[in-house]
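Architecture at a glance
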Amino acid sequence: MKVMRLADSGNPGHLVEATLPDPQPAPGQVVVRIVAAGVTPTELEWYPTTHDASGAPRTGAVPSHEFSGTIASLGSDVHDFTLGQSVFGMNDWFSPGALAELCLTEASSLAPAPITIGAIEAASVPIGALTAWQGLFEHGHLHPGDRVLIHGGAGSVGHFAVQIAHLHGAHVIATASPSNFALVQQLGADELIDYHATRFEDAVTEPVDIVFDTVGGDVLLRSLPLLKPGRFAVTIASDKEGNQDPRVQHAFFIVKPHQRQLMEIAALIDTGKLRTLVDSVVPFNEAEKAYTGKIPNRAGHGKIVVAVSPAATV
Ligand SMILES: NC(=O)c1ccc[n+]([C@@H]2O[C@H](COP(=O)([O-])OP(=O)(O)OC[C@H]3O[C@@H](n4cnc5c(N)ncnc54)[C@H](OP(=O)(O)O)[C@@H]3O)[C@@H](O)[C@H]2O)c1
C-alpha cells in the first residue's frame, strides 16, 4: 500500500511517499480502505510518533489516526461490520496511521459513518468529537445548567466541546478570535471572549463548573481560580503531556477510541444537532502541508483533512 510517512531526514514534519506491505487483520481487527484522514499537526511531536510501545525510538511513522473509509478486510471474529461498509473512527497512536491507502484498526475503534455528510467531513470528526465528549462527560462530569469555560472554541476539538456542552444544557463561555465569534455563537456559545484583547479571568465574572483547556501554556493554571470548589478542570493541550505539576496531571487526559460514543456522535450529526467544521482539504501527495501549516485559503476554524483517495468528497 501507498503511505505518507515521516522522512528520516531529521527535518521536522517532512513526509515522504513510501510503499508498505498491506496490513492483515488479526481477530478483533479490521482493515479500512482510507478515503480521508483528519490531521492533528502536533501529533508529529507526540511520544508514540517518536517511540514505539516498548519505548524504543521510532522512525518513519505514518501519521493521522482518525479517518473515514470503507471496510477492506475483517478479522475472523468480526461480525458487526461488512466488507465495503462506510465507517469512521480512530486507530492506535503507536500503529501506522491513516495517511495510507489501508489502515489497520480494532473493530471496537470504529462505527458506521454518518450518512448525512461526506467522507471529508466524516474524517474530521472522530478525534475532535471524542475528545470533547470524554473531556466534558468523563473528566468534567458535565450536568445541565453547568457553567462551562471552553478555551479555543473554534478549534477542531473546541467547536465540538461548545456544541456538546450546549446540547447538554450548559451555559457556555468560549474564547476565540473575533473572526470566529459569529460561528461559535451559532454553535451554542452564550458568551464569547476575545483572547487577543481581554484576559479571560477579567471577563468571567462568576465561578464556572468546568474549564476545558484546548490551548495550553498558562491557560489551565490561570483558569483554576475561576472553578467552583469540587468541580473540574480538564486540559488536552499537547504541551501538558508529561508535565509533572499535580494540578496539570490531574487535568490532562488523552482521547481513547470508543465505538458507542462514535455511534452517538454519528446520530447527533445525522439528526442535524451536531456540525463538524473543516478548515481545509489537502491532497494526499501534498499531505506535508497539513502538518507545516503552509495551506492557502484556510477557513480558520475546525480540522485540516487530507483527501487520501481522489474520490473523497465533502
Ligand atoms: N489530549 C488529547 O487527547 C488531544 C486530542 C486532540 C487534540 N489535542 C491537542 O489539543 C490542542 C488543540 O487541538 P485542536 O486540534 O483543537 O487545535 P486547533 O484546531 O488548532 O484549535 C486551536 C484553537 O485555539 C485557539 N487559540 C489559540 N491561542 C489561543 C489562546 N491564547 N487563547 C484561547 N484560544 C486560543 C484558536 O482560536 P482562534 O482560531 O479563534 O484564534 C484555535 O481555534 C493541541 O495541542 C492538540 O495537540 C489533544
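Above this text you will find the structure in question.
These remarks concern the structure in this document. Owing to the predicted nature of the structure, the values given are computational and were not obtained by experimental measurement. (Residues numbered from 1 in each chain as written. Predicted model: local features only at pLDDT ≥ 70, side-chain atom pairs only at ≥ 80, totals over all residues.)

Looking only at helices and strands, the chain features 10 helices and 14 strands. Seen through its C-alpha atoms, the chain measures out along the principal axes to roughly 55 × 45 × 40 Å. For the chain, the proportion of its 314 residues judged to be buried stands at 48%. (Helix = DSSP H or I, 4+ residues; strand = E, 2+ residues; numbered from the N terminus. Buried ≥ 20, exposed ≤ 12 C-beta atoms within 10 Å, placed from the backbone.)

Now for the packing of helix α3 (residues 126-139) against helix α4 (residues 158-167). One can describe the packing of α3 onto α4 by two numbers: an axis separation of 8 Å at closest approach and a directional angle of 50°. Accordingly, the angle class assigned to the pair α3 and α4 is oblique. Between α3 and α4 the crossing geometry is right-handed. Between α3, through Gly128, Ala129, Ala132, Trp133, Gly135 and Leu136, and α4, the contact on the second element is made entirely by Phe160, Ala161, Ile164 and Ala165. In terms of residue class, the contact of α3 with α4 is made up of 8 nonpolar, 2 polar and no charged. (Axes fitted to C-alpha atoms, helices over the stretch in contact; angles between N-to-C directions. Parallel < 35°, antiparallel > 145°, perpendicular 65-115°, else oblique. Left-handed = near helix turned anticlockwise from the far one by under 90°. Contact = placed C-beta atoms within 7 Å. Nonpolar A, V, L, I, M, F, W, Y, C, P; charged D, E, K, R; others polar.)

The next point concerns unusual backbone geometry. Non-glycine residue histidine 141 carries a positive phi angle of around 50°. In the Ramachandran plot, asparagine 297 falls in the positive-phi region, its phi being about 55° despite a non-glycine side chain. Among the secondary structure elements, asparagine 297 is positioned in the loop between α10 (288-292) and β14 (303-307).

Below, the discussion takes up the sheet that holds strand β11 (residues 208-213). Sheet architecture is open: 5 strands sit in the order β10-β9-β8-β11-β12, paired in parallel fashion. Strands at the two margins of the open sheet, each flanked by one partner only, are β10 (191-194) and β12 (227-235). Across this sheet, the average inter-strand angle for adjacent strands is 15°, counted without regard to direction. Pairing analysis gives 5 bridges linking β11 to β12, with the strands arranged parallel. Following the sheet pairing, isoleucine 210 is matched in β12 by phenylalanine 232. (Pairing = 2+ DSSP bridges.)

Within the secondary structure layout, tryptophan 93 lies in the loop between β5 (86-90) and β6 (102-106). Residues tryptophan 93 and proline 48 lie 45 residues apart in sequence; the distance between their C-alpha atoms is 5.8 Å. With sequence-adjacent residues up to four places away left out, tryptophan 93 is seen in contact with Trp46, Pro48 and His65.

With that settled, consider the environment of threonine 214. Examined against the element boundaries, threonine 214 turns out to sit in the loop between β11 and α7 (219-223). Threonine 214 has contacts with His151, Gly152, Gly155, Val157, Gly158, Ile236 and Ala237, leaving out every residue within four places of it along the chain.

Mapped onto the fold, alanine 129 is located in helix α3. Look at alanine 129 and you get buried, because 29 C-beta atoms sit within 10 Å. Spatially, the C-alpha atom of alanine 129 lies 6.5 Å from that of valine 157, the residues being 28 residues apart in sequence. Non-local contacts of alanine 129, meaning those with residues more than four positions away in its chain, are made with Phe160 and Ile265.

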